[in-house]
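# Observations on the three-dimensional arrangement
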Amino acid sequence: MSLTLSEVMRIAALARIAVTPQEAEAVQAQLNGIFGLLEKINAVDTSGVEPMYHARDVTLRLRDDEVTEPDRRAAFQAVAPQVEAGLYLVPKVIE
Amino acid sequence: MKWETVIGLETHVQLSTRSKIFSGASTAFGAPPNTQACAVDIALPGVLPVLNRGAVERAIRFGLAVGAEVRRRSVFARKNYFYPDLPKGYQISQFEAPIVQGGALRIVLADGAERAVRLTRAHLEEDAGKSLHEDFHGMSGIDLNRAGTPLLEIVSEPDMRSAAEAVAYARALHALVRWIDICDGNMQEGSFRCDANVSVRPRGAAALGTRCEIKNLNSFRFLERAIEYEARRQIAIIEDGGRIELETRLYDPDRDETRSMRTKEEAHDYRYFPEPDLLPLEVSEAWLAEVAASLPELPVARRERYVRDLGLPAQDAATLTASRETADYFEAVVAGLAEAEPGGERPAQAKAAANWVAGELAGALNRTGVEIGASPVAARALARLIARIRDDTISGKIAKEVFDAMWAGEAGGENAADAIIERRGLRQITDAGALERIIEEIVAANPAQVAEYRSGKEKAFNYFVGQAMKATKSKGNPAQVAEILKRKLAG
Amino acid sequence: MIDASISELAAALAARRISSVELTRLFLDRIAGPGAPLNAFIAVDPERSLAQARAADGRIAAGAAGPLTGIPIAHKDIFVAEGWPSTCASRMLANFVSPYDAHVIERFNAAGAVILGKTNMDEFAMGSSSEASWYGAVRNPWDTGRVPGGSSGGSAAAVAARLAPAATGTDTGGSIRQPAALCGVCGLKPTYGVVSRYGMIAFASSLDQGGPFARSAADLAALMNVMAGFDPRDSTSLERPAEDYARELERPLAGLRVGVPSEYFGAGLAADVAAAVEGAIEALERLGAEVVDVHLPNAGLSVPAYYVIAPAEASSNLSRYDGVRYGYRATEYDGLIDMYRRTRAEGFGPEVKRRILVGTYVLSHGYYDAYYLKAQKIRRLIARDFAEAFKGCDAIVGPTTPSVAFRLGEKVDDPVQMYLNDIYTVAANLAGLPALSIPCGFAGGMPVGLQLVGDYFAEARLLGIAHRFQQATDWHRRTPQSFA
């Protein structure tokens, strides 16, 4: 398998990473190198094998429904790129 | 061609937990922006989600209430997409193994007919923040207070065939989630939000048409109008030889129309995968049993009991079970009546209670915007009032006057009705001798009307009733008055 | 002092032969002086460190000291610490000062340890050479023309060069063990769930695990006694009784069965590395251990499975870096989507972007089953291989890396060659098993690491084996010449 240039651009768009047309071919070549390595898994017969999504086979611990977090807006927004009136500002969201 | 509309609803129900689904921040509505967005909610580097037991418990309550399968082991997944109100760049949701699978909601239509709408699933997920589009120098403002509020997304099968059915379903669901105490139901604050999947097909066709998803339906009225508009729009397109595009549309209540929401800049690819930060959620049999034991009697069960044990008509039973508070109030009135007239006939008492709760009381509540739980006329006080009608102390008409006085707070306590009746001297005149004397005077004073009546104009009878009530200041027992009048007029 | 073990330092502090302030200054001076060319640190803040040292001295004077009170410790810049830059070596977080502490940092602070600084690393822990840093490459103290390994290269180099008595790191596919091996120090990756991930900037959530670097197994045990522990803020943190990781240090090796998997001694392994590792296995045998053959038939699949799973999780974990709430935001853009695209194109380095793209692809519609799901099934096969192997042995031994440290720039443009450095380490992460690396010899003047992999929660046993080995050998005491 190898990724086409348009597939590279499609995943870059999905991942919200700008890839210039000049970079695209180099990225494509590197990704195809990596997928060459990953190919190996395709040949393995895994029928009947349960996927292992977690390193340990345990179940979830739950938290009691209590409010424990105080307002720390000032500290959090001290590191924000742009804020006004307590809001994070972003380029206009177009609906 | 005859067309049929096919509707399925996806409802986002905000669960009434104190804290968020994956963090200890408050879920209270209306706080200043971003003051209830903690490190987890704003997705600082290094933070991790921890699931709120209260949210799971509410999902279980719902599953049990709709007779669904509550999965003993469910899985959280990440739904990946970029949006400024989604701080992590993914929403934690459930995808392949939702906590609630199947079930059905029974709804009552306007004609009293009952139907079951099947549910596909209900899953837990987190709400997003809000984008505020008012102008900040051409930018949008992001408030993440809502981010992480627990949601139960309830998905129905495409079982509804009209906007009215969809509204009946939405109302029944709204009533149920409030009934079982998992959601405050406040639609203005966004606690209960519907999206509708609408398609049309020629009547009798088996295959479903292409559907459109309509968003932003934050009232039952908008839901109804949006579906009606959308069905008309789709039919018009098909009849013109066009095709329906699978898309998301937004309802605009100002223009009463739906419009396409997203430009096709890219197809959605949410890249769902199991959330590695959360292990599988297990619900033990013991927990399930504990939740089941804590559930109140459900609306359907109450409805059936009202019909079966109290002999109420189905429509009355449905009205009285619109909310748990209403049903509880009604039952308190019935209990009060049973106490006031031991030995009285149960169905008659229940019917009288039903008429008052769904009639006079509901009217007053509606007019004043008061919740039934805060009604100035308590259930037992209302029961005493009804008892006074039933024992002929006052007439139904006078009872309305007494009710208004009770509502206005003229007297309090369980015996408010009696106090008002006494103070205002509203007790019925049932003394036959006294009534006969009054009526004899009226008959004697109105020879022309007597003649009219005797010549066959039955309507003249009403004139005499009016005169008699006027003379008794409405306190004459209506049945007695009619009986005496008939006798006297017969000459 | 710079060669002293943690227990020796604690004794010196307790006896008031040295104060924590003096000790902290000593190491701060080494970082700024001889250590500077290594580029092992992203941030030092003498004022903050010395304030902590003063507080520790007060605690020691009050007789309330614990084993780590007053000991300066360097932390990988993946652990957020309140008031410290917490950058993950990324331009994306270059301006990020954390408003909160990681659980690991809280534990060290509570123990009275001093934060000596934040160490350099591969950006977002993605790399095996510590070259992929916004702050420039880290250098190997044994040969500054070579890499220290990665991703926790700064921590490994700092401990090797005596710039810190001990350090923390994280290990997603070998990021503690591989740099420990290449720098000639000791590093432990605990069982998944033993060290809280809260405040440890996520790379691949189901694989990430924090752990210590030190110069001896005994020191690792002392560090683990502080780092490990249940944390309700991490849903994958295991709720178990506290344990003393030093409890098996003195246990003799008689009766121990060490398993040697033939799959770890195949064609990819450099001959001089193999020789050093075989020498170490013989040393274990002389100490009383029984050497047995074990098999890990799916070992060859661990690198490809890992390089599907880790990028997949990473692609999602790194979506939060969008220029909205903190971190880098591009200066020029045209609208919201362009702001995202440019912020992420400019804020992330090439390797991080490559992994995000790979991860996005393997999760995308139509490829999920063939890659992500398949890899998670292979992960189960790999975990089963270990379960099977541990029926016949108590620990698995082998090389940590296929070769000694390579030259700077040698593999930077060849991701596949870079990934193959992880061939012996990633399996333990996939299975969630504890594993450590200790120095076991030299090849061409560069250190060689011996890897020990144990069954779940066998950290204390692994540390015991390593300690007995270190009592019989002196590889771990070797110091790079320019830093002695």
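Structure first, text after, so check above.
Given the structure is predicted, the values throughout are model-derived calculations rather than measurements. (Residues numbered from 1 in each chain as written. Chains lettered and ligands numbered in written order. Predicted model: local features only at pLDDT ≥ 70, side-chain atom pairs only at ≥ 80, totals over all residues. Heavy atoms only, no water.)

Moving on: the pairing of strand S11 (residues 150-156) of chain B. All names here are of chain B. Most of S11 sits out of view: seven of its seven residues are buried. By the alternation rule, side chains of S11 split into Pro150, Leu152, Ile154 and Ser156 and Leu151, Glu153 and Val155, which are all buried. Bridging between strand S8 (residues 114-126) and S11 involves seven bridges; their strand directions are antiparallel. When the sheet's bridge partners are listed, glutamate 125 is paired in S11 with leucine 151. (Buried < 20%, exposed > 50% of the residue type's maximum accessible area, 1.4 Å probe, protein only. Helix = DSSP H or I, 4+ residues; strand = E, 2+ residues; numbered from the N terminus. Pairing = 2+ DSSP bridges.)

Residue and element names in this part refer to chain C. The biggest cluster of nonpolar side chains holds 221 residues, and the ones touching the most others in it are Leu68, Phe124 and Phe386. At ten residues, helix H12 (residues 369-389) tops the list of elements feeding residues into this core. Sequence-distant contacts of leucine 68, defined by excluding residues within four places in its chain, comprise Ile6, Ile73, Phe108, Ala111, Gly112, Ala113, Ala222, Leu223 and Val226. (Core = buried A, V, L, I, M, F, W, Y, C linked by side-chain atoms within 4.5 Å. Contact = heavy atoms within 4.5 Å.)

Contacts between chain B and chain C engage 30 residues on the former and 40 residues on the latter. Carbon and sulfur atoms supply 59% of the area buried between chain B and chain C, which totals about 2,800 Å² over both sides. Contact with chain C buries area across many residues of chain B, yet Pro45, Leu48 and Phe82 of chain B alone supply 22% of it, more than any other trio. On inspection of chain B and its partner chain C, the count reaches one salt bridge. The salt bridge involving aspartate 277 of chain B is made with arginine 197 of chain C; its shortest N-O contact spans 3.0 Å. The interface formed by chain B and chain C includes 16 residue pairs in polar contact (both at pLDDT 80 or more). Counting only elements with at least two residues in the side of chain B that touches chain C, the list comes to strand S4 (76-80) and strand S16 (273-274) of chain B. (Buried area = accessible area lost by both parts, 1.4 Å probe. Salt bridge = Lys/Arg side-chain N within 4 Å of Asp/Glu carboxyl O. Polar contact = N/O pair within 3.5 Å; in protein donor to acceptor, adjacent residues only side chain to side chain.)

All names here are of chain C. One ladder, built from five bridges, connects strand S7 (residues 257-261) with strand S8 (residues 290-294); its direction is parallel. Bridge pairing links valine 258 to valine 291 in S8. Regarding topology, helix H8 (residues 271-286) serves as the crossover connection from S7 to the parallel S8, and that connection is right-handed. (Right-handed = clockwise from strand over helix to strand, strands pointing away.)

Let's shift gears to empty space enclosed by the protein. All names here are of chain B. For the structure on display, the rule yields four cavities of 30 Å³ or more. For the largest cavity, the calculated volume is near 170 Å³. Along its surface, the largest cavity is lined by 24 residues, and Val40, Asp41, Lys88, Ile92 and Glu126 are the ones closest to its centre. A class-by-class count of the residues in the lining of the largest cavity yields 13 nonpolar, two polar and nine charged. (1 Å grid on protein atoms, 1.4 Å probe; cavity = no way out; pocket = protein on both sides within 12 Å on 5 of 7 lines; lining within 4 Å. Points joined across faces, edges and corners; volume = space filled by probe spheres on them. Nonpolar A, V, L, I, M, F, W, Y, C, P; charged D, E, K, R; others polar.)

Residue and element names in this part refer to chain B. If you trace the backbone, lysine 79 turns up in strand S4. Although buried, lysine 79 forms no salt bridge, and the nearest oppositely charged side chain, glutamate 125, lies 6.0 Å from it. In this view, lysine 79 contacts Gly89, Tyr90, Gln91, Tyr270 and Tyr272; residues no more than four positions away in its chain are not counted. (Lys, Arg positive; Asp, Glu negative; His and termini not counted.)

Let's shift gears to the interface of chain C and chain A. With 75 residues of chain C at the interface, the matching set in chain A holds 50 residues. A buried area of about 5,300 Å², summed over both sides, lies between chain C and chain A, and 68% of it is on carbon and sulfur atoms. In terms of surface lost to chain A, no three residues of chain C exceed Leu357, Tyr361 and Tyr371 of chain C, which account for 13% of the buried area on that side. For the interface between chain C and chain A, the tally reads two salt bridges.

All names here are of chain C. In this chain, glycine 150 is followed by serine 151 through a cis amide linkage whose omega measures 5 degrees. Tracing the backbone through its elements, the reader meets serine 151 in the loop between strand S3 (114-119) and helix H5 (153-160). A positive phi is found at serine 130, a non-glycine position, where the angle reads about 60 degrees. Here serine 130 is to be found in the loop between S3 and H5.

Bringing the packing of aromatic side chains into the picture now. For the structure shown, the criterion picks out 30 aromatic pairs over all chains. Taking the centre distance of 5.3 Å and the plane angle of 40 degrees together, the rings of tyrosine 368 of chain C and tyrosine 372 of chain C count as tilted. Residue tyrosine 368 of chain C is classed as buried on the basis of its relative accessible area of 15%. Centroid distance phenylalanine 442 of chain C to tryptophan 475 of chain C: 6.1 Å. Interplanar angle 50 degrees. Geometry classified as tilted. With phenylalanine 442 of chain C in strand S10 (residues 435-443) and tryptophan 475 of chain C in the segment after helix H15 (459-472), this pair connects stretches of sequence that are 33 residues apart. Here a set of aromatic residues connected by ring pairs shows up, and it is made of Phe96, Phe124, Tyr321, Tyr326 and Phe348 of chain C. Here the guanidinium or amino end of lysine 79 of chain B rests over the ring plane of tyrosine 270 of chain B, the centre of that ring lying 4.4 Å away. (Phe/Tyr/Trp six-rings, centres within 6.5 Å; stacked < 30°, edge-to-face > 60°. Lys NZ or Arg CZ within 6 Å of the ring centre and 35° of its normal.)

All names here are of chain B. Taking 1.5 Å of rise per residue, twelve residues should cover 16 Å, and helix H10 (residues 396-407) covers 16 Å from first to last C-alpha, within 8% of that figure. By the burial criterion, the buried members of H10 are Ile398, Ala399, Val402, Phe403, Ala405, Met406 and Trp407. Looking one or two places after H10, you find glycine 409, whose phi comes out positive at around 85 degrees. (Expected span 1.5 Å × (residues − 1).)

Attention shifts here to the sheet that holds S4 of chain B. If you trace the three strands from one edge of the open sheet to the other, you get S5-S4-S16 (chain B), paired in antiparallel fashion. Looking at which strands have only one partner, the edges of the open sheet turn out to be strand S5 (90-94) and S16 of chain B. In the sheet, S4 of chain B pairs with S5 of chain B via five bridges, with the strands oriented antiparallel. Across the sheet, the residue bridging to lysine 79 of chain B is glutamine 91 of chain B, located in S5 of chain B. Against the sheet, helix H9 (residues 302-317) of chain C contacts S4, S5 and S16 of chain B, and its axis sits at roughly 65 degrees relative to S4 of chain B. (Axes fitted to C-alpha atoms, helices over the stretch in contact; angles between N-to-C directions.)

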